Amino acid sequence: MSSPWPFAGRADQLAELRAAGRGVVVLGPAGAGKSRLVAEAVRDVPGVAWARATEAAAELPFGAFAHLLPGSRPGGNPLRWAAAAIDAPTLVVDDAHLLDPASAGLVHLLALHGTARLLVTVRAGAKPPDAVVALWKDELLTRLELAPLSMEETERMLAEALPGRIEAGSLARLWAVSQGNPLYLRELVLSGVLRDLGGLWVWNGPLAMSTSMREIVTARIGDLSGEEREVMELVAFGEPLGAGLLASLCSEAAIERLEQRQLVTVQPSGRRLDVRLAHPLYGEVLRDQCGELRTRTVSRRLADAVAGTGARRREDVLRIAVWRLDAGDAGDSDLLLRACGKARQVRDLTLAERLATAAGEGARARLALANVLTYMDRGAEAEELFRAAMDSGLDDVTRFEGSAMRAINLAWVLGRTDEARAVLAEAKRTTSSRAAWQVLHCFEAGVATLAGDLPAGEFYLADVRREGPADDSAWGALTSSEACLLALTGHGGEAMIKVDRLLTRLAELPDAMPSIMAVVLDAGVTAAIVTGDLRRADRYVDRTYGPDGRFELWDRAFLQFGGRKAEIHRLRGRLLDSIAVCDEAVVRLPERSAYAGPCLSELAHAHALRGDAEAAAAALARAEAHVPPAGPLVAYPLRMARVWTAAARGDLSGAVELALEMGDSPYVFFSLFALHDVVRLGHPELAAAPLARLAGHGPLAELFARHANARGPAELEEVSASFERRGMLLYAAESLARSGALYRQDGRPRDARAAETRAWALAHHCQGARTPALVGLSLPGLTRRQSEIAVLASRGLTNREIAEHLVVSIRTVANTLYTVYERTGVTGREELARVMETLTPPSESHAGNPPQATSSPGV
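Quick look at the structure, then. Since we're looking at a predicted model, the values are computed, not measured.

We now examine the sheet that holds strand β11 (residues 272–277). In space, the three strands of this open sheet follow the order β9-β11-β10, with antiparallel pairing throughout. At either end of the open sheet lies a strand with only one pairing partner, and these are β9 (241–242) and β10 (264–269). Bridging between β10 and β11 involves six bridges; their strand directions are antiparallel. Bridged to Gln-267 within β11 is Asp-274.

Generally speaking, soluble globular proteins have nonpolar side chains that are buried together. One finds Ile-529, Phe-673, Leu-691 and Phe-723 to be the most contacted residues of the largest nonpolar core, which totals 136 residues. A per-element tally of this core places helix α24 (residues 472–488) first, with 10 residues. Other than its neighbours up to four places away in sequence, Ile-529 contacts Leu-534, Ala-537, Arg-564, Glu-567, Ile-568, Leu-571, Phe-669, Phe-673 and Leu-700. Listed in part, the 91 residues of the second largest apolar core include Phe-237, Leu-258, Leu-336 and Ala-365.

In this structure the tally under the stated criterion is 11 aromatic pairs. Taking 5.4 Å as the distance between ring centres and 55° as the angle between the ring planes, the aromatic pair formed by Phe-669 and Phe-673 counts as tilted. Here the residue Phe-669 and the residue Phe-673 both occupy positions in helix α34 (residues 668–680), the gap between them amounting to four residues, near one helical turn. No difference in accessibility class separates Phe-669 from Phe-673, as the two residues are buried. Between Phe-723 and Tyr-731, the aromatic rings sit 5.3 Å apart at their centres with planes inclined by 70°, giving edge-to-face as the arrangement. No difference in accessibility class separates Phe-723 from Tyr-731, as the two residues are buried.

A few words on the pairing of strand β4 (residues 117–123). Taking burial as the measure, the seven residues of β4 include six buried ones, the bulk of the element. As paired elements, strand β1 (residues 23–28) and β4 share six bridges and run parallel to each other. Looking at the pairing, Gly-23 lines up with Leu-118 of β4. Where strand β3 (residues 90–94) meets β4, four bridges bridge the pair, whose relative direction is parallel.

One open sheet accounts for five strands, arranged β2-β3-β4-β1-β5; its pairing is parallel. Bordering the open sheet on either side are β2 (48–52) and β5 (142–145), each of which pairs with just one other strand. When strand polarity is set aside, the average angle formed by the axes of neighbouring strands in this sheet is 15°. Where helix α1 (residues 11–19) meets the sheet, it contacts β1, β4 and β5, and its direction lies at approximately 165° from that of β5.

Examined against the element boundaries, Thr-816 turns out to sit in helix α43 (residues 810–824). In this structure, Thr-816 is in contact with Gln-786 and Ile-789, ignoring residues within four places of it in sequence.

Turning our attention to the packing of helix α10 (residues 226–238) against helix α14 (residues 292–308). Contact geometry for α10 and α14: axes closest at 10 Å, N-to-C directions at 75°. In terms of axis orientation, α10 runs roughly perpendicular to α14. Taken together, the residues of α14 that come into contact with α10 (itself represented by Glu-230, Glu-233, Leu-234, Phe-237 and Gly-238) are Arg-294, Thr-295, Val-298, Ser-299, Arg-301 and Leu-302. Partitioning the contact of α10 with α14 into residue classes produces four nonpolar, three polar and four charged.

Below, the discussion takes up the state of the cysteines. Note on terminology: a disulfide is the covalent bond linking the sulfur atoms of two cysteines. One pass over the structure, following the stated rule, counts zero disulfides. Here Cys-484 is not cross-linked by a disulfide; its sulfur's nearest cysteine counterpart is in Cys-442, at 11 Å. With no disulfide of its own, Cys-599 lies 4.2 Å from the sulfur of Cys-582, the closest cysteine sulfur. By relative accessible area, which is 0% here, Cys-599 ends up buried.

Quick notes on the rules
Residues numbered from 1 in each chain as written. Predicted model: local features only at pLDDT ≥ 70, side-chain atom pairs only at ≥ 80, totals over all residues. Heavy atoms only, no water. Pairing = 2+ DSSP bridges. Helix = DSSP H or I, 4+ residues; strand = E, 2+ residues; numbered from the N terminus. Core = buried A, V, L, I, M, F, W, Y, C linked by side-chain atoms within 4.5 Å. Buried < 20%, exposed > 50% of the residue type's maximum accessible area, 1.4 Å probe, protein only. Contact = heavy atoms within 4.5 Å. Phe/Tyr/Trp six-rings, centres within 6.5 Å; stacked < 30°, edge-to-face > 60°. Axes fitted to C-alpha atoms, helices over the stretch in contact; angles between N-to-C directions. Parallel < 35°, antiparallel > 145°, perpendicular 65-115°, else oblique. Nonpolar A, V, L, I, M, F, W, Y, C, P; charged D, E, K, R; others polar. Disulfide = S-S within 2.5 Å.

Next comes the structure, spelled out in structure tokens:
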């Protein structure tokens, strides 16, 4: 970690501070970085004097300025001789809200008549002396309010502080806990809440506050009376609490005092007022200060109070159950199981596991715990519990729900699709509910689709369609299953209609349904991709993230949708972005789960497209270890990555063979892309006929067929333009590169150069793509000598070193580089290095075996 803690995230405010004429008053909450901002503004300014106000110095007149004033004080007006004694061109007054009256008057006098430039910091919410307030009230100085850091500013600060980057979910959590307060942010990071995983920093388990962090927050809370501490403790364990409920438990006057001190906030929530702590870290400190007995007492009071009101809000069941557990009163199994379901809905699986475990050893409790463990990818433990619970006497509804969830665990977590289908068949045989039978039928269609048995999947869904869905649950199961099957069989437009219709219905439900939401959104992504609508695919993925940037489903789905997001990046040619998304997602890699497949396959695929066969193979090896053999739907993305891994190793014939095998896939979605890969690998004649047969499956299928059947360079240019309009820049670059080669074969060098220049420009945006179509692509318009000098310069050699190596003059090197920069559109060596890395494979060199750089680049 960098040291000292970097200054970042306040560029606009720093510029405003430096540009201010007479001076500035910087206002902001404690820890907002007021002093650091001012210190940065005057860091290289000569003749700066500092006056730091403290509560102790405020006991004495001019206490904050004692070190700037003469030891012997002449008679007369003390403000005038004190002002005359301060002759610094710039005066910084820190924490001016703590100034004694004489010091505050001195600052005011200097602002009125002095020559010094004043930079004054004041804590927001404090009560500074009137003379300090007059600084901005009377417009003597500019007022600059320092707000908490935004998430983007927080990310920039952490980028300076950490040797690597922070995972997106961890960034969102760190920002939420710190509330953008730079002091708290620094203390949290230094206390070890982040863990370094090879350059990717992630949240490291539960929040553990360091001694320093605890002291800072305790000092901010300040002294509390007995009544005030009672309020703070109740809110710390129960927030948000209705203001009326809280007032019935403690002193209403104390609540008002705490609101005035900005230690709690009171905000409208529907028809009531909610009371919360003003900062999340206050709760951490207050709860930590309560012993076991005090914790139990407060929790019991809260549970009794909310239960006494009738638990009218949906979240009350969960809150009461947790308070009962914390109070040591967990005896109501029914309450705990209802709360477990609520915790699962809000995606707090750790809490859901705790509640289900506390519910006891009954069959319903075992099923609840098995459901939670399924979502946590602990499939073997879950199956053991499912088996034990199913052997117990269960009512029809509970058996139906347990069978459905057990099938999900067997198929998607453990990869045992045959057992899953057997479980569903048995459940259908024993249920007496038509709606339950239909839902189970749809589940069996899903398992059949996973196993590659699409005719069976369609048969099951047709059965439900003929009868008509019995209720909303059956309609939802049918619609989501139909959407998945339609998308995978290449009917993207129809699939998206069903997806959007179901999403509208889900949005109207009072409770979240994350499992169905994940299925529907995944089908939407597949449907949008198969039609070539990457923007719409992005929108479906984006719905899995909240407004704060945090992923809103469970960790398993983060792997799933991380893979889908990476897939969209790859199709756009943004290979490094794809790798970055996958690197973040695999942090949550479970021991075994089919949901790890999409992410690891995309990681391998992107590395292979960049020519890094070793990294691609490593990702595939991880997939072997973590992804069970769940069926073709899981296997095909990994097989597509193997195609390009073989190509990256130079085995083009093997890559083509693998891709052609996938062309016979039962899933049109994978057949389309596999056959198009054959075209991209240089053998359109092998894929032209099958792609022509699939051309009716939407605009992207038609474009793939046009690409395979293009007979001349002009047709390939049209294909490239179509890919570019869809945002598929890598495909566009490859099509143009092939067009240029055909123009050259036809003896049309000018047209070839134009096509290759455009191909190079597109490839430049593809973040290091090194596919076979691009490997031969050279820098546009450069002679051999210009290319040689460009390669050497990109490797850090100085002009002198290049001149010595090529036996030319330094002036020749400089002039040549100027031409290279002009023709490639770059502005210097660093950018040129990125361009050369994009277009030159590691083993290839246009300049023989160049020497290593021995000094800083330059003439």
